[in-house]
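Listed here are the chains, written in short residue letters.
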Amino acid sequence: MQNDIQPLNDTLISKSLSAADYVPTLDAMLARTLERIDLKKQQGLRTPDELWIVDHNDVYTLGQAGKEEHILQRTDTPIIKTDRGGQVTWHGHGQLVIYWLFDLDSLKWSVRNLVSHAEQAIEDVINDCLCSSPSNSDNISAHARRDAPGVYLYADNAATDDSTTIDNKSFDNKIMLGKMASLGFKIKHGFSYHGIAINLNCDLSSFNAINPCGYAGMQMLRLSDFVNMQTESEAQTEQHTSNSFSYEVVTQKLVDNIAKRHAGLIELRAITPK
(Lines give C-alpha, C1' and ligand atoms only; values in the text may rest on other atoms or scores of the structure.)
Protein backbone atom coordinates (compact mmCIF):
# COMPACT_ATOMS: atom_id res chain seq x y z
CA MET A 1 0.00 0.00 0.00
CA GLN A 2 1.56 3.26 -1.16
CA ASN A 3 0.75 6.75 0.06
CA ASP A 4 0.93 9.75 -2.25
CA ILE A 5 -0.10 13.00 -0.54
CA GLN A 6 -0.90 16.10 -2.62
CA PRO A 7 -2.13 19.55 -1.49
CA LEU A 8 -5.31 20.60 -3.35
CA ASN A 9 -5.84 23.96 -1.62
CA ASP A 10 -5.07 25.58 1.73
CA THR A 11 -7.58 23.41 3.59
CA LEU A 12 -7.70 20.20 1.50
CA ILE A 13 -5.20 17.49 0.66
CA SER A 14 -5.48 14.21 -1.24
CA LYS A 15 -3.92 10.90 -0.30
CA SER A 16 -3.67 7.93 -2.67
CA LEU A 17 -3.63 4.31 -1.49
CA SER A 18 -3.05 1.44 -3.92
CA ALA A 19 -3.76 -2.27 -3.37
CA ALA A 20 -5.22 -1.35 0.01
CA ASP A 21 -6.75 -3.92 2.35
CA TYR A 22 -10.01 -2.68 3.85
CA VAL A 23 -9.52 -3.13 7.59
CA PRO A 24 -6.19 -1.28 7.98
CA THR A 25 -7.53 1.49 5.72
CA LEU A 26 -10.65 1.84 7.86
CA ASP A 27 -8.58 1.78 11.06
CA ALA A 28 -6.30 4.53 9.71
CA MET A 29 -9.27 6.62 8.54
CA LEU A 30 -11.00 6.37 11.91
CA ALA A 31 -7.78 7.11 13.80
CA ARG A 32 -7.15 10.21 11.68
CA THR A 33 -10.74 11.41 12.20
CA LEU A 34 -10.51 10.95 15.98
CA GLU A 35 -7.18 12.79 15.99
CA ARG A 36 -8.71 15.72 14.10
CA ILE A 37 -11.70 15.82 16.45
CA ASP A 38 -9.38 15.92 19.44
CA LEU A 39 -7.18 18.67 17.94
CA LYS A 40 -10.26 20.80 17.29
CA LYS A 41 -11.79 20.24 20.73
CA GLN A 42 -8.60 20.57 22.76
CA GLN A 43 -6.67 23.19 20.78
CA GLY A 44 -9.25 24.78 18.48
CA LEU A 45 -7.21 23.72 15.44
CA ARG A 46 -8.78 23.34 12.03
CA THR A 47 -6.75 20.68 10.30
CA PRO A 48 -6.83 20.29 6.50
CA ASP A 49 -9.65 18.11 5.19
CA GLU A 50 -8.57 15.00 3.30
CA LEU A 51 -9.65 13.03 0.25
CA TRP A 52 -8.42 9.46 0.35
CA ILE A 53 -8.28 8.00 -3.17
CA VAL A 54 -8.25 4.24 -2.67
CA ASP A 55 -7.72 1.23 -4.91
CA HIS A 56 -9.05 -1.57 -2.68
CA ASN A 57 -8.25 -5.22 -2.77
CA ASP A 58 -11.45 -7.25 -3.22
CA VAL A 59 -13.83 -6.99 -0.26
CA TYR A 60 -17.52 -6.94 0.61
CA THR A 61 -18.48 -4.41 3.28
CA LEU A 62 -21.67 -4.45 5.31
CA GLY A 63 -22.93 -1.12 6.66
CA GLN A 64 -23.82 -0.40 10.27
CA ALA A 65 -27.47 -1.39 9.84
CA GLY A 66 -26.68 -3.89 7.09
CA LYS A 67 -28.69 -7.10 6.82
CA GLU A 68 -26.83 -10.32 6.10
CA GLU A 69 -29.80 -11.53 4.07
CA HIS A 70 -28.52 -9.28 1.28
CA ILE A 71 -25.44 -11.50 0.99
CA LEU A 72 -26.70 -14.11 -1.47
CA GLN A 73 -23.59 -16.24 -1.86
CA ARG A 74 -20.46 -16.75 0.22
CA THR A 75 -17.26 -16.56 -1.80
CA ASP A 76 -13.54 -16.37 -1.05
CA THR A 77 -13.84 -12.57 -0.86
CA PRO A 78 -13.83 -11.36 2.77
CA ILE A 79 -16.98 -9.79 4.23
CA ILE A 80 -16.27 -6.96 6.66
CA LYS A 81 -18.77 -5.26 8.95
CA THR A 82 -18.10 -1.54 9.04
CA ASP A 83 -19.52 1.63 10.58
CA ARG A 84 -20.74 3.52 7.51
CA GLY A 85 -24.34 3.95 6.49
CA GLY A 86 -25.96 1.71 3.90
CA GLN A 87 -26.18 -2.01 3.25
CA VAL A 88 -23.73 -4.37 1.52
CA THR A 89 -21.46 -3.44 -1.37
CA TRP A 90 -18.27 -4.59 -3.07
CA HIS A 91 -14.95 -2.79 -3.48
CA GLY A 92 -12.09 -3.90 -5.70
CA HIS A 93 -9.68 -3.08 -8.51
CA GLY A 94 -11.10 -1.00 -11.33
CA GLN A 95 -13.48 0.76 -8.95
CA LEU A 96 -12.69 4.30 -7.82
CA VAL A 97 -13.20 4.78 -4.08
CA ILE A 98 -12.82 8.23 -2.53
CA TYR A 99 -13.18 8.77 1.22
CA TRP A 100 -14.20 12.26 2.36
CA LEU A 101 -12.56 13.19 5.68
CA PHE A 102 -14.25 16.58 6.05
CA ASP A 103 -14.90 18.95 8.95
CA LEU A 104 -18.52 19.67 8.07
CA ASP A 105 -19.00 22.33 10.75
CA SER A 106 -16.07 24.39 9.45
CA LEU A 107 -17.40 24.05 5.91
CA LYS A 108 -20.89 24.95 7.15
CA TRP A 109 -22.20 21.86 5.37
CA SER A 110 -25.10 19.79 6.64
CA VAL A 111 -25.08 16.03 6.13
CA ARG A 112 -27.57 16.56 3.30
CA ASN A 113 -25.12 19.04 1.73
CA LEU A 114 -22.36 16.45 1.94
CA VAL A 115 -24.46 13.77 0.23
CA SER A 116 -25.68 16.16 -2.45
CA HIS A 117 -22.18 17.46 -3.20
CA ALA A 118 -20.95 13.87 -3.50
CA GLU A 119 -23.75 12.85 -5.85
CA GLN A 120 -23.51 15.99 -7.96
CA ALA A 121 -19.73 15.72 -8.30
CA ILE A 122 -20.18 12.17 -9.62
CA GLU A 123 -22.96 13.33 -11.95
CA ASP A 124 -20.73 16.11 -13.32
CA VAL A 125 -17.84 13.79 -14.11
CA ILE A 126 -19.83 10.88 -15.52
CA ASN A 127 -21.93 13.20 -17.70
CA ASP A 128 -18.80 14.96 -18.93
CA CYS A 129 -17.38 11.60 -20.00
CA LEU A 130 -20.67 10.51 -21.59
CA CYS A 131 -21.00 13.78 -23.52
CA SER A 132 -17.52 13.25 -24.93
CA SER A 133 -18.41 9.78 -26.21
CA PRO A 134 -19.50 9.57 -29.88
CA SER A 135 -21.22 6.25 -29.11
CA ASN A 136 -23.75 7.83 -26.71
CA SER A 137 -26.58 7.56 -29.24
CA ASP A 138 -29.24 6.83 -26.61
CA ASN A 139 -28.54 10.14 -24.83
CA ILE A 140 -27.55 8.34 -21.66
CA SER A 141 -27.01 10.57 -18.62
CA ALA A 142 -26.24 10.25 -14.92
CA HIS A 143 -28.62 11.35 -12.16
CA ALA A 144 -29.03 10.90 -8.42
CA ARG A 145 -32.31 9.77 -6.85
CA ARG A 146 -33.84 11.02 -3.63
CA ASP A 147 -35.29 7.61 -2.74
CA ALA A 148 -32.05 5.65 -3.16
CA PRO A 149 -28.65 7.30 -2.55
CA GLY A 150 -26.13 6.92 -5.35
CA VAL A 151 -25.85 7.83 -9.02
CA TYR A 152 -27.72 5.99 -11.76
CA LEU A 153 -27.67 6.00 -15.56
CA TYR A 154 -30.80 6.86 -17.54
CA ALA A 155 -31.52 6.57 -21.26
CA ASP A 156 -34.16 8.23 -23.41
CA ASN A 157 -37.38 6.31 -23.01
CA ALA A 158 -37.97 5.85 -26.74
CA ALA A 159 -34.48 4.45 -27.25
CA THR A 160 -34.67 1.83 -24.54
CA ASP A 161 -36.36 -1.57 -24.43
CA ASP A 162 -38.34 -1.79 -21.18
CA SER A 163 -37.08 -5.34 -20.68
CA THR A 164 -33.67 -3.93 -19.79
CA THR A 165 -34.94 -1.58 -17.09
CA ILE A 166 -35.14 -1.94 -13.35
CA ASP A 167 -38.86 -1.71 -12.42
CA ASN A 168 -39.28 1.15 -14.91
CA LYS A 169 -38.12 3.94 -12.61
CA SER A 170 -38.38 7.04 -14.81
CA PHE A 171 -36.65 10.40 -14.59
CA ASP A 172 -37.51 13.28 -16.91
CA ASN A 173 -38.88 10.98 -19.61
CA LYS A 174 -35.95 8.60 -19.20
CA ILE A 175 -35.66 4.97 -18.15
CA MET A 176 -33.19 3.85 -15.52
CA LEU A 177 -30.56 1.41 -16.77
CA GLY A 178 -28.85 0.73 -13.45
CA LYS A 179 -26.46 2.04 -10.81
CA MET A 180 -22.90 3.19 -11.43
CA ALA A 181 -21.92 4.82 -8.13
CA SER A 182 -22.67 4.17 -4.46
CA LEU A 183 -22.10 6.24 -1.36
CA GLY A 184 -22.14 5.79 2.38
CA PHE A 185 -20.82 8.13 5.06
CA LYS A 186 -20.26 8.15 8.80
CA ILE A 187 -20.46 11.39 10.79
CA LYS A 188 -18.70 11.71 14.14
CA HIS A 189 -18.75 15.00 16.09
CA GLY A 190 -19.30 16.93 12.85
CA PHE A 191 -16.54 15.13 10.94
CA SER A 192 -17.27 12.84 7.99
CA TYR A 193 -15.46 9.76 6.81
CA HIS A 194 -16.14 6.90 4.38
CA GLY A 195 -17.39 8.15 1.02
CA ILE A 196 -18.13 7.15 -2.58
CA ALA A 197 -17.41 4.28 -4.98
CA ILE A 198 -17.69 4.50 -8.79
CA ASN A 199 -17.42 1.51 -11.11
CA LEU A 200 -14.97 2.47 -13.85
CA ASN A 201 -13.54 -0.67 -15.45
CA CYS A 202 -13.98 -3.28 -12.72
CA ASP A 203 -15.33 -6.83 -13.05
CA LEU A 204 -19.02 -6.45 -12.20
CA SER A 205 -19.53 -10.17 -11.55
CA SER A 206 -18.62 -9.67 -7.89
CA PHE A 207 -21.95 -7.88 -7.41
CA ASN A 208 -23.79 -11.09 -8.38
CA ALA A 209 -23.21 -12.50 -4.88
CA ILE A 210 -25.10 -9.67 -3.15
CA ASN A 211 -28.13 -7.43 -3.36
CA PRO A 212 -26.12 -4.26 -4.06
CA CYS A 213 -26.89 -1.65 -1.40
CA GLY A 214 -29.82 -3.82 -0.32
CA TYR A 215 -31.73 -3.67 -3.63
CA ALA A 216 -32.61 -7.07 -5.07
CA GLY A 217 -32.13 -7.16 -8.83
CA MET A 218 -30.29 -3.84 -9.01
CA GLN A 219 -28.25 -3.80 -12.21
CA MET A 220 -24.75 -2.47 -11.53
CA LEU A 221 -23.02 -0.60 -14.35
CA ARG A 222 -19.48 0.49 -15.15
CA LEU A 223 -18.27 3.50 -17.09
CA SER A 224 -16.12 1.45 -19.49
CA ASP A 225 -19.28 -0.06 -21.03
CA PHE A 226 -20.48 3.41 -22.07
CA VAL A 227 -17.30 5.32 -22.99
CA ASN A 228 -13.95 4.34 -24.44
CA MET A 229 -11.64 3.63 -21.51
CA GLN A 230 -8.00 2.70 -21.91
CA THR A 231 -6.78 -0.61 -20.60
CA GLU A 232 -4.15 -0.56 -17.87
CA SER A 233 -1.42 -1.51 -20.35
CA GLU A 234 -2.44 1.29 -22.75
CA ALA A 235 -2.38 3.82 -19.91
CA GLN A 236 1.06 2.62 -18.78
CA THR A 237 2.47 3.03 -22.30
CA GLU A 238 0.75 6.43 -22.62
CA GLN A 239 -1.26 5.31 -25.64
CA HIS A 240 -4.09 7.79 -26.02
CA THR A 241 -6.86 8.01 -28.57
CA SER A 242 -9.43 10.74 -29.12
CA ASN A 243 -12.43 10.57 -26.78
CA SER A 244 -10.79 7.95 -24.56
CA PHE A 245 -10.42 8.05 -20.80
CA SER A 246 -8.14 6.33 -18.35
CA TYR A 247 -8.78 5.46 -14.71
CA GLU A 248 -6.35 8.23 -13.77
CA VAL A 249 -8.04 10.86 -15.96
CA VAL A 250 -11.48 10.16 -14.49
CA THR A 251 -10.01 10.18 -10.98
CA GLN A 252 -8.40 13.59 -11.56
CA LYS A 253 -11.64 15.01 -12.99
CA LEU A 254 -13.53 13.93 -9.88
CA VAL A 255 -10.89 15.16 -7.43
CA ASP A 256 -10.80 18.55 -9.19
CA ASN A 257 -14.59 18.82 -9.01
CA ILE A 258 -14.69 17.92 -5.31
CA ALA A 259 -11.89 20.39 -4.55
CA LYS A 260 -13.84 23.20 -6.23
CA ARG A 261 -16.93 22.31 -4.22
CA HIS A 262 -14.86 22.26 -1.04
CA ALA A 263 -13.54 25.74 -1.88
CA GLY A 264 -17.06 27.05 -2.54
CA LEU A 265 -16.47 27.43 -6.29
CA ILE A 266 -19.25 25.02 -7.29
CA GLU A 267 -22.61 25.52 -5.64
CA LEU A 268 -25.23 22.83 -5.12
CA ARG A 269 -27.90 22.49 -7.77
CA ALA A 270 -31.56 22.08 -6.88
CA ILE A 271 -32.16 18.51 -5.71
CA THR A 272 -34.43 16.35 -7.82
CA PRO A 273 -37.78 15.59 -6.15
CA LYS A 274 -37.54 11.99 -7.29
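Residues numbered from 1 in each chain as written. Predicted model: local features only at pLDDT ≥ 70, side-chain atom pairs only at ≥ 80, totals over all residues. Heavy atoms only, no water.

> Break down helix α1 (residues 22-43) for me, citing the residues and quoting the values.
With 22 residues, α1 extends 31 Å between its outermost C-alpha atoms, agreeing within 8% with the 32 Å of an ideal straight helix rising 1.5 Å per residue. Among the residues of α1, those classed as buried are Tyr22, Thr25, Leu26, Met29, Arg32, Thr33, Arg36, Ile37 and Leu39. All buried residues of α1 project into a common sector of 160° when viewed along the axis, lining one side. Away from the buried face of α1 by more than 90 degrees, exposed residues Lys41, Gln42 and Gln43 are located. (Helix = DSSP H or I, 4+ residues; strand = E, 2+ residues; numbered from the N terminus. Expected span 1.5 Å × (residues − 1). Buried < 20%, exposed > 50% of the residue type's maximum accessible area, 1.4 Å probe, protein only. Arc of directions from axis to C-beta.)

> Pulling in residues and values, what's your account of the pairing of strand β8 (residues 141-144)?
Walk down a regular strand and you will see the side chains alternate between the two sheet faces. Every second residue of β8 is oriented toward a common face, with Ser141 and His143 on one face and Ala142 and Ala144 on the other, all of them buried. Alignment of β8 against strand β9 (residues 151-156), held across four bridges, turns out to be antiparallel. Along β9, the bridge assignment pairs Ala144 with Val151. The loop that links β8 with its antiparallel partner β9 comprises six residues; one of these, Gly150, has a positive phi angle of about 130°. (Pairing = 2+ DSSP bridges.)

> Which residues make up the nonpolar core, and what values do they have?
Ranked by internal contacts, the top residues of the largest apolar core, which has 44 residues, are Ile98, Trp100, Phe102 and Ile126. Counting only elements with at least two residues in this core, the list comes to β3 (49-56), β7 (95-101), α2 (104-107), α3 (111-131), β9, β11 (174-188), β12 (191-199) and α5 (247-262). The element that contributes the greatest number of residues to this core is α3, accounting for nine residues. Residues within four places of Ile126 in sequence aside, it is in contact with Ala142, Val151, Leu153, Met180, Ile198 and Leu223. Among the nonpolar cores identified, the runner-up in size contains 16 residues, and Tyr60, Trp90, Met176 and Met220 belong to it. (Core = buried A, V, L, I, M, F, W, Y, C linked by side-chain atoms within 4.5 Å. Contact = heavy atoms within 4.5 Å.)

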